Amino acid sequence: MGCELFLCATPIGNLDDMTFRAVEVLKGVDFIAAEDTRHTRKLLAHFDIHTPLIHYDENNKSTVGKKIIARLLEGESAACVTDAGTPAISDPGADLVRLALEHNIKIVPIPGACAAINALIASGLETGSFIFVGFLPNKNFSDRLQALKDRRETLIFYEAPHRLQRTLENLFEAFGARRVTLARELTKIHEEFIRGQLGSIELDAPRGEFVIVVEGAPEAMVENFIDSDVLTIYNRLIDEGVERKEAMRRTAKQFGLSRRDVYQMTVKETEPE
Ligand code: SAM
C-alpha cells in the first residue's frame, strides 16, 4: 500500500455487514479519514483496528482534503470512511475522490453496504433502470421534481426523518399517486418496508433513517391520454358535486398525473384568454 486512497464501505446499521476486506484495508492503511470520528472509533474498536483517524467532513473538506492529498503524495495510504455506507454516495467522499484524481492518486473502492441499493432491491419496484437522486435540495426542489416527473426509471431519494412527511407530500404533488416503498432502518432491528402509494401513506412521528423509492413515470402518464380526457373526468366530478380540490386529486390519480398538472389543465380551460 502507498499513495492510494481506499473508499471503504462500512455497515449502515448491522456491524456484521462489515467485510473482511474492509477490516484488512482499515488495519493496513497509514490513516483513516472519517466523517464522524466518534462513530468510526466505535467501529474500529469493535474490529480491533488501531489505525490513526483524522476528521474529514462537509465543513472542513477543502482544508483537510488538501492535507490528505499532501500525505498521499508523500507515499502514505489512506482510507476514507463516512458515517455509514458507501463513501461518495451523498457524502463528502466524492470531493476527496475528485481532488485525488487531480493529483493522479490511485482510487480503490472497497464495496459494501449502501442504503440506496438495499432499498431498491427490496422495494418491489423496477430495478432494471433507476435514478439515484439522493437528498433533494432545500431550494428549487420543485424544479428538480419537475425535471424528474416524466422519467420512466425508478427514483431513489434519501431524506432525514423530520423532513420525510413534507417530502412525501412534495413527491405526491409532483408525481401523483405512484407506487412508493419507504425503506426504514435498513439492516437494523427495526428494519421495515412500507409499501403503498404516494398520497396515501401517513406516518406519525417517523423515526430512524429512510430511503424513499418511487415508481418511474408510467407509460400512460407520458403519452397515452389527451387533455380533453382529463377535463371530461374532472368536469364530471365537479358536476357530481365533488369539491374542486378533491376532484383534482381523483383525476390526477386516475391518469397518473400530479394535482399540479390537473390544476394547470383545468385553469387553462376555464380562465378567459
Ligand atoms: N453513503 C451512505 C450510503 O451508502 O447509503 C448514505 C449517506 S447519507 C448522508 C445518509 C442517508 O442515507 C440517510 O438520510 C438515509 O436517507 C440513508 N440511510 C443511511 N442508512 C440508512 C439505513 N440504515 N436505513 C435507511 N436509510 C438509510
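Residues numbered from 1 in each chain as written. Predicted model: local features only at pLDDT ≥ 70, side-chain atom pairs only at ≥ 80, totals over all residues. Heavy atoms only, no water.

Q: In this structure, what is going on with the sheet that holds strand β9 (residues 192-197)? I would like to understand it.
A: Pairing between the strands of a sheet is mediated by backbone hydrogen bonds and can be parallel or antiparallel. Strand order in the open sheet made by the five strands is β6-β7-β10-β8-β9, with mixed pairing throughout. What marks the edges here is a single partner per strand, and that holds for β6 (130-135) and β9. Each adjacent strand pair in this sheet contributes to an overall mean axis angle of 20 degrees, direction not counted. In this sheet, β9 lies alongside strand β8 (residues 179-184) in antiparallel orientation, the contact comprising six bridges. (Pairing = 2+ DSSP bridges. Helix = DSSP H or I, 4+ residues; strand = E, 2+ residues; numbered from the N terminus. Axes fitted to C-alpha atoms, helices over the stretch in contact; angles between N-to-C directions.)

Q: Sorry if this is basic, but what is going on with the domain arrangement of the protein here?
A: The assigned domain composition of the protein is domain 1 (4-113), domain 2 (116-214) and domain 3 (227-270). A straight line from the C-alpha centre of domain 2 to that of domain 3 covers 25 Å. With 10 residues of domain 2 at the interface, the matching set in domain 3 holds eight residues. Interface of domain 2 and domain 3: buried area, both sides summed, is about 680 Å²; carbon and sulfur atoms make up 43% of it. Contact with domain 3 buries surface across domain 2, with Phe172, Glu173 and Ala177 losing the most and accounting together for 51% of the total. Where domain 2 touches domain 3, the interface holds two salt bridges. Of the charged contacts, one joins Asp261 and Lys149 as a salt bridge, the two residues approaching to 3.1 Å between their closest N and O atoms. Summed over the shared surface of domain 2 and domain 3, the result is four residue pairs in polar contact (both at pLDDT 80 or more). (Domains from an automatic or database assignment. Contact = heavy atoms within 4.5 Å. Buried area = accessible area lost by both parts, 1.4 Å probe. Salt bridge = Lys/Arg side-chain N within 4 Å of Asp/Glu carboxyl O. Polar contact = N/O pair within 3.5 Å; in protein donor to acceptor, adjacent residues only side chain to side chain.)

Q: Can you walk me through the packing of helix α3 (residues 61-73) against helix α4 (residues 93-102) in this structure?
A: Packed helix pairs are specified by the crossing angle of their axes together with the interaxial distance, meaning the distance between the axes. Packing of α3 against α4 leaves a shortest axis separation of 10 Å and a crossing angle of 45 degrees. The orientation of α3 relative to α4 falls into the category oblique. Here α3 and α4 pass one another in a crossing that is right-handed. Along the contact surface, α3 presents Lys61, Gly65, Lys66, Ile68 and Ile69, while α4 presents Asp95, Leu96, Leu99 and Ala100. (Parallel < 35°, antiparallel > 145°, perpendicular 65-115°, else oblique. Left-handed = near helix turned anticlockwise from the far one by under 90°.)

Q: I keep staring at the site of the ligand and nothing clicks. Help me out?
A: The environment of the ligand is made up of 19 residues, and the closest members are Ile12, Thr86, Tyr158, Leu186 and Phe210. In the model, an oxygen atom of the ligand is placed 2.9 Å from a nitrogen or oxygen of the Ala115 main chain. Between the ligand and Phe210 there is a distance of 2.5 Å, counted from an oxygen atom to a backbone nitrogen or oxygen. Look at the ligand: alone it shows 570 Å² of surface, and the protein chains cover 90% of it. Mapped by element, the contributors of at least two residues to the shell around the ligand are β7 (154-159) and β10 (210-214). When the residues that make up the shell around the ligand are grouped by side-chain class, the tally is 11 nonpolar, three polar and five charged. (Near = heavy atom within 4 Å. Areas by Shrake-Rupley, 256 points an atom, 1.4 Å probe, with all protein chains shown as cover. Nonpolar A, V, L, I, M, F, W, Y, C, P; charged D, E, K, R; others polar.)

Q: Help me understand the nonpolar core in this model?
A: Soluble globular proteins: nonpolar side chains tend toward being buried together. Phe157, Leu171, Phe175, Leu182, Leu198, Ile212 and Val214 are the most contacted members of the largest nonpolar core, which totals 22 residues. Broken down by secondary-structure element, the contributors of at least two residues to this core are β6, α6 (141-148), β7, α7 (164-175), β8 and β10. Examining the composition of this core, we find that six residues originate from one element, α7, more than from any other. Among all residues touching Phe157, those that are not within four sequence positions of it are Val133, Gly134, Leu136, Leu145, Leu148, Leu171, Phe175, Val211, Ile212 and Val214. (Core = buried A, V, L, I, M, F, W, Y, C linked by side-chain atoms within 4.5 Å. Buried < 20%, exposed > 50% of the residue type's maximum accessible area, 1.4 Å probe, protein only.)

Q: Please clarify how the sheet that holds strand β5 (residues 106-110) should be interpreted in this entry.
A: Sheet architecture is open: five strands sit in the order β3-β2-β4-β1-β5, paired in parallel fashion. One side of each edge strand has no neighbouring strand; the edge strands of this open sheet are β3 (53-55) and β5. Adjacent strand axes in the sheet meet at a mean angle of 25 degrees when their direction is disregarded. Both strand β1 (residues 4-8) and strand β4 (residues 78-81) contribute to a ladder of three bridges, which runs parallel. The partner of Phe6 across the bridge, within β4, is Ala79.

Q: Teacher, can you tell me more about the packing of aromatic side chains here?
A: Scanning all chains against the criterion turns up two aromatic pairs. Between Phe132 and Tyr158, the ring centres sit 5.1 Å apart and the planes meet at 75 degrees, which makes this aromatic pair edge-to-face. One end of the pair, Phe132, is in strand β6; the other, Tyr158, is in strand β7, with 26 residues separating them in the sequence. A residue is classified by how much of its surface remains accessible, and Tyr158, at 11% relative accessible area, is buried. On the numbers, 5.8 Å between centres and 65 degrees between planes, the contact of Phe135 with Tyr158 is edge-to-face. Of this pair, Phe135 sits in strand β6 while Tyr158 sits in strand β7; the two residues are 23 residues apart in sequence, bridging distant segments of the chain. Ring pairs connect the aromatic residues Phe132, Phe135 and Tyr158, which therefore count as one cluster. The ring of Phe175 carries the charged tip of Arg178 above its face, separated from the ring centre by 4.5 Å. (Phe/Tyr/Trp six-rings, centres within 6.5 Å; stacked < 30°, edge-to-face > 60°. Lys NZ or Arg CZ within 6 Å of the ring centre and 35° of its normal.)

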